[in-house]
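Each chain, written out:
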Amino acid sequence: MALFVVIRVINLFVNIIVTLICVEAIMSWFTGAFGPGLWKAYGIIHQVTDPFIRPFRALLMRFSMRSGIDFSPILAILALEFIARILTRVLLALM
């Protein structure tokens with residue numbers, strides 16, 4: 001029973017982070033139209049999501065994959081979903 005709660009918390013955490021990464025990516029397209037309130041919200045979202053995106057951005061920069069599109073949010077989402085699935089399977093195997 002406790003493992004199901006842990007699995008739910010892991011999945012909830014990943015879903016929240018993935019949603020925030022998507023919101024940040026969409027907001028980044030319209031930064032010029034932000035008022036002061038949206039800038040503050042964008043800054044908070046960026047502070048939460050940056051630790052998940054930064055390693056992938058650095059990885060893409062290292063391999064000189066610089067283009068007009070930042071693929072690091074997509075890689076971060078894929079990695080988070082993969083890790084969540086692995087953790088879920090490991091926890092379910094412990095039951």
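Small disclaimer: the values here were computed from a predicted structure and weren't measured.

Basis of the calculations
- Residues numbered from 1 in each chain as written.
- Predicted model: local features only at pLDDT ≥ 70, side-chain atom pairs only at ≥ 80, totals over all residues.
- Heavy atoms only, no water.
- Helix = DSSP H or I, 4+ residues; strand = E, 2+ residues; numbered from the N terminus.
- Buried < 20%, exposed > 50% of the residue type's maximum accessible area, 1.4 Å probe, protein only.
- Lys, Arg positive; Asp, Glu negative; His and termini not counted.
- Salt bridge = Lys/Arg side-chain N within 4 Å of Asp/Glu carboxyl O.
- Contact = heavy atoms within 4.5 Å.
- Expected span 1.5 Å × (residues − 1).

K.L.:
A description of the side chain of Glu24 should follow, citing residues and the corresponding values.
P.N.:
On the secondary structure map, Glu24 appears in helix H1 (residues 2-28). Buried within the structure, Glu24 lacks any salt-bridge partner; its nearest side chain of opposite charge belongs to Arg57, at an N-O separation of 5.7 Å. Non-local contacts of Glu24, meaning those with residues more than four positions away in its chain, are made with Tyr42, Ile45, His46, Thr49 and Ile53.

K.L.:
Any details on H1? Residues and values, ideally.
P.N.:
Between its terminal C-alpha atoms H1 stretches 39 Å, which fits the 39 Å expected from 27 residues at 1.5 Å a residue. For H1, the set of buried residues is Ile7, Ile10, Val14, Ile17, Val18, Ile21, Glu24 and Met27. Here the buried face of H1 lies against helix H2 (36-62) and helix H3 (72-93).

K.L.:
Run through the pattern of salt bridges, naming residues and quoting values.
P.N.:
Within this structure, the stated rule accounts for two salt bridges. With its nearest N and O atoms 2.9 Å apart, the salt bridge here joins Asp50 to Arg54. In this pair, Asp50 and Arg54 are both assigned in helix H2, four residues apart and thus about one turn of the helix distant. For Arg54, a relative accessible area of 48% gives the class partly exposed. For the salt bridge of Asp70 with Arg57, the shortest nitrogen-to-oxygen distance reads 2.7 Å. Taken together, the positions of Asp70 in the loop between H2 and H3 and Arg57 in helix H2 put the pair 13 residues apart, joining distant regions of the chain.

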